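Working through the structure, step by step
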Amino acid sequence: MELVSRADVEEARRALAGVARETPVVPSRVLEAEAAGPVRLKCENLQRTGSFKIRGAYRRIERLAPDERAAGVVAASAGNHAQGVALAAQLLGTRATVFMPAGAPLPKIEATREYGAQVELVDSLDETFTAADAYARETGAVLIHPFDHPDVVAGQGTVGLEILEQVPDVATVVVCTGGGGLLSGIAAACVPAGVRVVGAQAAGLAAWPPSLAAGEPLGVSGATIADGIAVSRPGAVTFAHVSALVDEVVTVSEEALARGVLRCLEREKLLVEPAGAAAVAAVAENPGRWPAPVVAVLSGGNVDPVMLVDLVRRGLVAAGRYAKLRVRLTDRPGYLADVLRRVGRAGGNVVDVEHRRLVASDMAPGTVDVALTLEARGHDHRAAILADLAGAGYDVAAE
């Protein structure tokens, strides 16, 4: 298979002039302290439609023949590709139909409609691809694949060209990956310039490591909070690029993804979805692993506000700043007050208290379980609070 070249990516960039924004690159002092070298964030979360997807979608549709464009386009997506296709079709004057899972974040569904696409909801993400393929066969609409097409890869690669200009001494680019379109495109642009490119995938649904080990695309099952990279199998086009050009693909846990979202929101003042935070999570989990300067690509910022609340809480738990303790104490006046005083003196902030008076099988008569939800400064501080309570004779454990 002939790989997308840097010249192909440069041609795509010319076609995208005035369509895709040149998104900023900003320093991350927090990550620099951990990585022992300069770290920059490429903010594709500030791109039109809230992610990089407009780049590949526009290039793919722009390259269609007039009769193909007149037949309309169809896509399957959990959200970001849907919005990219919808806006690209609107700009190029063609009809777009997008199949989305019913469980997709509501803001992504509504934004896709607002960009002018006809949205059809089906039960699951896997069914969206089946439905879109059937629709294409029945109507003649052109299926715009989210990652597995050379034009899509070339369009996404324009992110890499911008990085080369904005950070001329870049040594490593870390990119989130699901199907591998963005990873392949950035590699096509950056590897010829001597830059190392690393993929970061959610461990909960990680098809790339076993596929690369086997030498062919493999399907896997699983689940992840990073819906933007929840792809169970690489494509043939992207596999050829990643296996030939990408230095390595690492995986990051769900907790690391949540911490990445929290870090971007709290420390970088950037709203990033879990998929978009995968590169940040990889850099934070692997300090000093790759040559600096390192650029971590924030691929998207489309996150449901309801989900954001849960993500922030998960990030706080993963960082040791939000904890639940179970304290077993004598059911007598004054004991709970003593526990709360000790937590307060240790610097913990109690958020919620729950008495559990139903007797467990291992509870002695006259005792009660109290569940405490509290804020701490981190894992060490939480451990110190537990140690203080245990030292005072309380039966205490983290939940």
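Whatever comes next refers back to the structure up there.
A brief look at the structure comes next. Values in this document were obtained by computation on a predicted structure and should not be read as measured data. (Residues numbered from 1 in each chain as written. Predicted model: local features only at pLDDT ≥ 70, side-chain atom pairs only at ≥ 80, totals over all residues. Heavy atoms only, no water.)

Moving on: the sheet that holds strand β3 (residues 73–76). One key point about sheets: their strands pair by backbone hydrogen bonds, in either a parallel or an antiparallel sense. Taken in spatial order, the four strands make up an open sheet running β5-β4-β3-β6, and their pairing is parallel. Two strands close off the open sheet at either side, each with one partner strand: β5 (118–122) and β6 (142–143). Two elements, β3 and strand β4 (residues 96–101), share four bridges in a ladder whose sense is parallel. By the bridge assignment for β4, Ala75 is matched with Val98. (Pairing = 2+ DSSP bridges. Helix = DSSP H or I, 4+ residues; strand = E, 2+ residues; numbered from the N terminus.)

Moving on, we get to the nonpolar core. Generally speaking, a soluble globular protein has its nonpolar side chains buried in company with each other. Among the nonpolar cores identified, the biggest contains 37 residues, and Val174, Val283 and Leu298 are the most heavily contacted of them. Those residues within four positions of Val174 in sequence are excluded, and the remaining contacts are Val198, Ala200, Ala279, Ala282, Val283, Trp290, Val294, Val295, Ala296 and Val297. (Core = buried A, V, L, I, M, F, W, Y, C linked by side-chain atoms within 4.5 Å. Buried < 20%, exposed > 50% of the residue type's maximum accessible area, 1.4 Å probe, protein only. Contact = heavy atoms within 4.5 Å.)

Another aspect to go through is the pairing of strand β10 (residues 294–298). Judged by how many residues are buried, β10 sits mostly within the fold: five of five residues are covered. On β10, burial covers both faces: Val294, Ala296 and Leu298 on one face and Val295 and Val297 on the other are all buried. Pairing of strand β2 (residues 39–43) with β10 involves five bridges; the strand directions are parallel. Each residue of the ladder has a partner; that of Arg40, found in β10, is Val295. Direction of pairing for strand β7 (residues 172–176) relative to β10: parallel, over a ladder of three bridges. Among the inter-strand pairings, Thr172 is bridged to a residue of β10, identified as Val294.

The strand order across the open sheet formed by four strands is β12-β13-β11-β14, and the pairing between neighbours is antiparallel. The sheet is open, and its two edges are formed by β12 (349–356) and β14 (395–398), each paired on a single side. Averaged over neighbouring strand pairs, the angle between their axes works out to 20° when direction is ignored. Examined bridge by bridge, strand β11 (residues 322–330) and β14 share four bridges and lie antiparallel to one another. If you follow Arg326 over to β14, its bridge partner there is Ala397. (Axes fitted to C-alpha atoms, helices over the stretch in contact; angles between N-to-C directions.)

Take the pairing of β5 next. Note: β4 against β5, five bridges, orientation parallel. Along β5, the bridge assignment pairs Met100 with Leu121.

Attention now goes to the pattern of salt bridges. Counted by the stated rule, this structure contains 21 salt bridges. With a closest N to O distance of 3.0 Å, Lys108 and Asp227 form a salt bridge. A residue pair is termed long-range when its members are at least 10 positions apart, and Lys108 in helix α6 (residues 106–114) and Asp227 in the loop between α10 (208–214) and α11 (236–245) qualify at 119 residues. Across the pair, Asp227 and Lys108 agree in class, each one buried. In this structure, a network of salt bridges that share partners links the residues Lys42, Glu44, Arg55 and Glu162. (Salt bridge = Lys/Arg side-chain N within 4 Å of Asp/Glu carboxyl O.)

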